[in-house]
Amino acid sequence: TNITDQPSWFKITDVTVQLQNKDKLEKEGLVVEVLDNSTVLESVSVYAPRSVQDSMTKSDLVATADLKNIAGLDTEKTVKIDTTSRYNVSQIIPDHNEVKLKVEKRSKKGVNIEARTTGKPSDDYIAGKPKIDKTQVQISGAKSDIDKVAKAEVSVDVSGLADDFSTVEEIKLYDADGELIDNSNIDMNIKEVLVNIDILQTKFVPIVYTVTGEPAS
């Protein structure tokens with residue numbers, strides 16, 4: 001026995017769990033949402049000799065969760081994580097043993113894009129109605145996420161402007177209460193639109209009153 005190569009525990013961090021058969025569910029029109037960032041193993045404890053520890057990195061660990069037996073929709077599921085190593089090690093203990101998932105039907109719809117301005121142009125100028133190069137965005141994702149979307153909007157700040165203005169702005173999604181929606185789990189066929197705004201000069205026009213006729217006696 002090599003005394004200097006005795007096994008001991010050491011840790012490898014930030015290992016990503018690979019989801020097997022996820023593509024099969026997606027082909028069936030389903031969306032898999034990972035909950036609680038559970039596909040990330042922040043810490044994996046490994047019992048191995050010093051010689052292995054000196055060479056082993058997180059790429060030598062394979063963590064998988066097989067989704068082939070998932071059944072039922074719209075409820076939280078847990079799938080066992082299987083962790084193996086390309087090296088011959090005695091034990092592997094991840095910081096958690098299951099991936100938490102939610103599986104839903106995929107939904108899609110078109111949402112009209114509205115454009116608005118904020119701020120105030122330079123004195124004696126006003127902003128015309130914004131014109132956008134695309135008027136609708138197609139969105140798709142889990143049905144519960146898509147059903148929340150009531151409006152798509154771009155916003156342009158016209159503060160201090162005195163000339164016509166063009167800009168590319170990000171499309172943001174809002175619910176029926178006007179609250180911004182996190183769109184990280186929503187697919188959009190376009191993310192931005194080109195916005196053109198005419199900045200119009202105002203002019204003071206005096207109003208002259210002319211009185212005709214005679215008042216009643």
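Residues numbered from 1 in each chain as written. Predicted model: local features only at pLDDT ≥ 70, side-chain atom pairs only at ≥ 80, totals over all residues. Heavy atoms only, no water.

(A) Highlighting the sheet that holds strand 6 (residues 82–85). Taken in spatial order, the five strands of this open sheet run 6-4-1-3-7, and their pairing is mixed. Each having just a single partner strand, strand 6 and strand 7 (91–94) make up the two edges of the open sheet. Between one strand axis and the next, the sheet turns by 30° as a mean value, whatever way the strands run. Note that strand 1 (residues 7–20) and strand 4 (residues 61–66) share four bridges and pair parallel. From the neighbouring strand, Val17 faces strand 4, where its bridge partner is Ala63. (Pairing = 2+ DSSP bridges. Helix = DSSP H or I, 4+ residues; strand = E, 2+ residues; numbered from the N terminus. Axes fitted to C-alpha atoms, helices over the stretch in contact; angles between N-to-C directions.)

(B) View of the packing of aromatic side chains. Using the criterion set out here, one finds one aromatic pair in the structure. Taking the centre distance of 5.1 Å and the plane angle of 50° together, the rings of Trp9 and Tyr47 count as tilted. One end of the pair, Trp9, is in strand 1; the other, Tyr47, is in strand 3 (residues 40–49), and 38 residues separate them in sequence. For the cation-ring pair, Lys151 lies above Tyr174, with the distance from its terminal atom to the ring centre recorded as 5.6 Å. (Phe/Tyr/Trp six-rings, centres within 6.5 Å; stacked < 30°, edge-to-face > 60°. Lys NZ or Arg CZ within 6 Å of the ring centre and 35° of its normal.)

(C) Examining the sheet that holds strand 13 (residues 165–170) more closely. Here we have three strands laid out as an open sheet, ordered 10-16-13, and antiparallel in their pairing. At either end of the open sheet lies a strand with only one pairing partner, and these are strand 10 (131–132) and strand 13. As judged from the six bridges shared by strand 13 and strand 16 (residues 192–197), these two strands associate in the antiparallel manner. Bridge pairing in strand 16 places Val168 opposite Leu194.

(D) Inspection of the environment of Thr83 at higher detail. Following the sequence through the fold, Thr83 ends up in strand 6. When the C-alpha positions of Thr83 and Ala63 are compared, they lie 4.3 Å apart, and in sequence the two are 20 residues distant. Apart from residues lying up to four places away in sequence, Thr83 is in contact with Leu41, Leu61, Val62, Ala63, Ile92 and Pro94. (Contact = heavy atoms within 4.5 Å.)

(E) Spotlight on the pattern of salt bridges. If you walk through the whole model with that rule in mind, you get eleven salt bridges. Across the pair Arg116 and Glu153 runs a salt bridge whose closest N-O atoms are separated by 2.7 Å. Taken as a pair, Arg116 in strand 8 (residues 98–118) and Glu153 in strand 12 (residues 151–157) lie far apart in primary sequence, 37 residues in all. You can call Arg116 partly exposed: its relative accessible area is 37%. Ionic pairing is found between Lys131 and Asp198, a salt bridge with its closest N-O pair at 3.0 Å. In this pair, Lys131 sits in strand 10 while Asp198 sits in the loop between strand 16 and strand 17 (199–201), placing the two residues 67 residues apart along the sequence. Relative accessible area serves as the criterion here: at 31%, Asp198 is assigned to the partly exposed category. (Salt bridge = Lys/Arg side-chain N within 4 Å of Asp/Glu carboxyl O. Buried < 20%, exposed > 50% of the residue type's maximum accessible area, 1.4 Å probe, protein only.)

(F) Just the side chain of Thr64, in detail. One can find Thr64 in strand 4. For Thr64, a relative accessible area of 11% gives the class buried. Every residue in contact with Thr64, bar those within four places of it in the chain, is listed here: Val17, Gln18, Gln20, Lys80, Ile81 and Asp82.

(G) Looking closely at the pairing of strand 11 (residues 136–142). Burial of strand 11 is extensive: five of the seven residues sit out of reach of the surface. Taken together, the seven bridges between strand 8 and strand 11 define a ladder with antiparallel strand orientation. Bridged to Arg106 within strand 11 is Ala142. Two elements, strand 11 and strand 15 (residues 187–188), share two bridges in a ladder whose sense is antiparallel. Of the residues in strand 15, the one forming a bridge with Ile139 is Met188.

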